[in-house]
Amino acid sequence: MTATAMKHAPFTQSRKAPTGQKLCSRTDLVAFSGVAAWLETSQGAKQIALFYLPGHERELYAIDHHDPFSNANVIAHGIVGDIKGATVVASPLYKQHFRLEDGQCLEDESVKLPTWKVSFKGADVWIEG
Amino acid sequence: MSTTSKRNVVIIGNGMVGHHLVEQLVENGALAQMNVTVFGEERHRAYDRVHLSEYFKGRDAEALALCDADYYASHGVTFNSSEAVVSIDRVEKTVSTERGHYAYDHLVLATGSYPFVPPIPGNDREGCLVYRTLDDLDAIRDAAQSAATGVVVGGGLLGLEAANALRGLNLETAVIEFAPRLMPMQVDAEGGELLREKIEALGVQVLTERATQRIEDGEASRHRMVFQDDKILETDLIVFSAGIRPRDQLARECGLEVGERGGVVINDQCQTSDPAILAIGEVALWSKSIFGLVAPGYQMAKTALSTLTGGDTSFAGADMSTKLKLLGVDVGSIGDAHGNQNPGARMFRYLDPLTQIYRKMVVSSDGKKLLGAMLVGDNSVYDTLLQYYANGIELPKEPASLILPQSGAAPALGPDALPETAMICSCHNVTKASICAAIDAGASDLGAVKSDTRASTGCGGCASLLKSVVDHELAARGVAVDKSICEHFQHTRQELYDIVRVEGIKTFSELIEKHGASGTHHLGCDICKPAVGSILASCFNEPITDAAHIPLQDTNDTFMANMQKNGTYSVVPRIAGGEITPDKLVVLGQVAQKYGLYSKITGGQRIDLFGARLEDLPDIWGELIAAGFETGHAYGKSLRTVKSCVGSTWCRYGVQDSVGMAIKLENRYKGLRAPHKIKFGVSGCTRECAEAQSKDIGIIATENGWNLYVCGNGGMRPRHAELFATDLDDEALYRTIDRFLMFYVRTADRLQRTSVWRENLEGGLNYLKEVILDDSLGMGKELERQMQTVVDNYQCEWAGAISDPDKLKRFRSYVNDSRPNPSIIMTSERGQLRPA
Ligand SMILES: Cc1cc2nc3c(=O)[nH]c(=O)nc-3n(C[C@H](O)[C@H](O)[C@H](O)COP(=O)(O)OP(=O)(O)OC[C@H]3O[C@@H](n4cnc5c(N)ncnc54)[C@H](O)[C@@H]3O)c2cc1C
Ligand code: SF4
């Protein structure tokens, strides 16, 4: 499959939501897999993918839900794994891998998805401001 | 027609070698310079004579044919079947048949040979037959219907093959040989004795040193054979297989030079004494030798191509080494097997009367070179010995070690010891050098090397040698022949399967905990997780929607629908056998209307509804399940559809209820998760309207039951399914498919269709038959049990999901908002919605 990525207007990495926002609760998450959520930003609503790895050093990740290779909103539905030491999600359409930590695509150096800081506050999932 | 500039080439004989020449002409673009006309005396177009005996096992004339029916016409070659050439006029340069005269510029004789029938009084009685053509086999089958006993005259290679065929036709069978032993050309006295024991053990009577004096009316049977000592043998049917003779009569009559004992004399360019006339195949005599095998014939065809097109390839003789399985007994013969062509040669012999194995090596007087070898009962060392012989490789210090029993595997000659010129596949003339060249040009696995070089696609005898050469060469180039599935497991899929089954491991986390490679975070990846998910499902068939299994699934399996390119999903309910009630059809239409779904009939005889939004899937399925539908597994690597024709219920040709059988099969195997998708087809008669032979499992009704075909494929690399078993009753059919599918599930690589699996299976179709039909590994019952577990644990995944609120939570596009995915935009085309 040779899909080329739509190059994004450069989002800065770990761009800050205006304030801390509650996204959903822990029970909405699916262990070792992803779900999608809406995030309100100053530039409008944005779709993000939340991944939950209970028992791992870092349990929660938030990364752009939009797949630049297929141009579809599908990243939350990819398979989570680790490749050469990095925790990644594989795009369900054309199978490129994105590092959950910083959004870097392993197959194409020039592609990097935006990521956000997320954490649990009690039973809720908060995206940090 | 502007034929004036083109030369007329006439080929007499459309046997294996004559056909190969046409193929060569086509492939090399030679048809641009010539008009080719082929005359075949038989009514069939060229077929695989080497595998003629499979005709009795259900491979029909069409399946034995060497090319498609329209091959000649589509390449502009004129082919006249059932038209024998009766004379050649070398002065006028014409050939004549009963229908007319035809001019030639070049003539090729590819008339093959005929079976020699000894001049015994009575040899022309009814029921005295030969074994060479399809028509001969039809005659034998007809005669066998009213016969109880059969005799084969001639205990050579073909005689034993004929004896096997008679046995297969349920005749009490005897073989009569003039010489003191069977296969006198290939084996010596010891080998012959061993062969006799083995063949008698199969219930075939062996009579040696018998010269038949006459054949006359019998008392208890149709014929009575009277031998030199006045002893007699009565039988209903006689097949003569006393050697072959070149069909050189046309050549003799037009004055071409022929050998003392027959055969049209040719030079290294395959030209006869008249340079405008070539001869190839079994009719040709080169350097006083006739070559009664197909590989040298193909070499001659290549040489003829070169001669006809002004090339400089020449024929330089051919090795007559052979390896065969006759009546289930291995026999191998290499070079000077008797040691009578090399004065001073030394013999090494090994005879094991218990396991009935005989091996003999003929070695040069200095002990360094292998000159010949003879094997009876076990051919496992054949490949190695052939390489020593063919490449003149120096023998080990103790040559005997090559034929003595080893504690481990046979002492294979490592592929690195073979020179570049070593012939690996003699059918297609593929050397080690050409294999290396294919690898260097990018072929990165066995399958690719096979399709690039055609190696091992002829008789298949070189399969294991080819594999070891390819593995070795890949390794030498640093292409890791590491079979690990990914960085998380240092195991192949098959090994993982065995671990899961033997240890009863039921989750991915337990498997990676116990058997994962060190140095990873034990999260797995998109390679191993779906593979393990599939293995767990094949073994235990727990719902893939269970919490422990969800993270393993590809998106399609997670949402039990196929994700389309715009992020929407398609919905495909099961329509077993393609049979659907009008009521259900109405429901499908209503659901599609209600949810705005694009509707299309699939190639698998069901209906695909496209464009469903993730959050609508549960409601859609709720309505479908209420109407009696269940999931069609279109998203899974699992059984897809069983396509059927309408069968005996409606069709005037049908001999069985193909729809009924298709529904039973689809309901039995639905939900079976496998390394890749599986498709079936069931046809109600040999007209094959369901195209079953292009499926993984194809079933064709016969008068007596069902014929089973396996490992076919459509798609990118079409492959005809191969006949696997004939005339099965319903129960035997289920049992055989149970075993076959489970064996595939256990041993295939991930994402390997049955066709590719079969092509890479060492030992090929015969091995598969041994495992499945003869239960050679003793695992038949276990395979059946495993399949029964899968069948018993089947539940519709969608029915399970919509009744479980926790599972339903997954089908929200967003966890914190119910607004639909805004990037899904549709437009309309031909009255339906489609992605914008
Ligand atoms: C049962 C059996 C098993 C065999 N097993 C093996 C094996 O395991 N390995 C192996 O290497 N070889 C095997 N062989 C031998 C192999 O089949 C032959 O070497 C090969 O078929 C020779 O090809 P050919 O084209 O020269 O002759 P053929 O295949 O015999 O073809 C000659 C054709 O020419 C036609 N013809 C003859 N005269 C005329 C005419 N005047 N006008 C028009 N047409 C004419 C004939 O009807 C025939 O169709 C086997 C043969 C048999 C019968
Ligand atoms: S395969 Fe035979 S039974 Fe089935 S539809 Fe065709 S002709 Fe009729």
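Before reading further, recall that the structure is shown in the block above.
Residues numbered from 1 in each chain as written. Chains lettered and ligands numbered in written order. Predicted model: local features only at pLDDT ≥ 70, side-chain atom pairs only at ≥ 80, totals over all residues. Heavy atoms only, no water.

Section: the overall build of chain A
So, point 1. When you go through chain A residue by residue, the secondary structure sums to 0 helices and 12 strands.
So, point 2. Put simply, chain A runs from its N terminus to its C terminus through helices and strands in the order β-β-β-β-β-β-β-β-β-β-β-β.
So, point 3. Among the 129 residues that make up chain A, the fraction classed as buried is 57%.
So, point 4. As displayed, chain A has an accessible area near 5,700 Å², and 50% of this comes from carbon and sulfur atoms. (Helix = DSSP H or I, 4+ residues; strand = E, 2+ residues; numbered from the N terminus. Buried < 20%, exposed > 50% of the residue type's maximum accessible area, 1.4 Å probe, protein only. Areas by Shrake-Rupley, 256 points an atom, 1.4 Å probe, with all protein chains shown as cover.)

Topic: the site of ligand 2
So, point 1. Taken together, Cys645(B), Gly647(B), Cys651(B), Tyr653(B), Gly654(B), Ser683(B), Gly684(B), Cys685(B), Arg687(B), Glu688(B) and Cys689(B) make up the full set of residues near ligand 2.
So, point 2. For the shell around ligand 2, the class distribution of residues is 5 nonpolar, 4 polar and 2 charged. (Near = heavy atom within 4 Å. Nonpolar A, V, L, I, M, F, W, Y, C, P; charged D, E, K, R; others polar.)

Regarding the interface of chain B and chain A
So, point 1. On the side of chain A, 37 residues touch chain B, which itself brings 38 residues to the contact.
So, point 2. Summing both partners gives a buried area of about 2,800 Å² for chain B against chain A, and 53% of it is carried by carbon and sulfur.
So, point 3. Contact with chain A buries surface across chain B, with Leu523(B), Asp526(B) and Val815(B) losing the most and accounting together for 22% of the total.
So, point 4. Here chain B and chain A share 2 salt bridges between them.
So, point 5. Arg812(B) serves as the salt-bridge partner of Asp28(A), at 2.9 Å between the closest nitrogen and oxygen. (Contact = heavy atoms within 4.5 Å. Buried area = accessible area lost by both parts, 1.4 Å probe. Salt bridge = Lys/Arg side-chain N within 4 Å of Asp/Glu carboxyl O.)

Examining the site of ligand 1
All names here are of chain B.
So, point 1. Lining the immediate surroundings of ligand 1 are 29 residues, of which Val 17, Glu 42, Arg 49, Arg 132 and Glu 282 lie closest.
So, point 2. Contact between ligand 1 and Glu 282: an oxygen atom at 2.6 Å from a side-chain N or O atom of the residue.
So, point 3. With respect to ligand 1, the backbone of Val 294 contributes an N or O atom lying 2.9 Å from an oxygen atom.
So, point 4. In isolation ligand 1 offers 990 Å² of accessible surface; the protein chains occlude 93% of this area.
So, point 5. Broken down by secondary-structure element, the contributors of at least two residues to the shell around ligand 1 are α1 (16–27) and α5 (157–168).
So, point 6. Per-element accounting of the shell around ligand 1 gives the leading share, 3 residues, to α1.
So, point 7. The residues that make up the shell around ligand 1 include at least three from each of domain 1 (7–112 + 247–309) and domain 2 (115–245). (Polar contact = N/O pair within 3.5 Å; in protein donor to acceptor, adjacent residues only side chain to side chain. Domains from an automatic or database assignment.)

Focus: the pairing of strand β8 (residues 86–90) of chain A
Residues and elements named next belong to chain A.
So, point 1. Among the 5 residues that make up β8, 5 are buried, leaving the element largely enclosed by the rest of the structure.
So, point 2. The pairing of strand β7 (residues 79–83) with β8 spans 5 bridges and is classified as antiparallel. Paired with Ile 79 across the bridge in β8 is Ala 90.
So, point 3. Taking the residues between adjacent antiparallel strands as the criterion, β7 and β8 are bridged by 2 residues, where Lys 84 takes a positive phi near 45°.
So, point 4. As defined by bridge partners, β8 adjoins strand β9 (residues 97–99) across 3 bridges and the pair is classed as antiparallel. (Pairing = 2+ DSSP bridges.)

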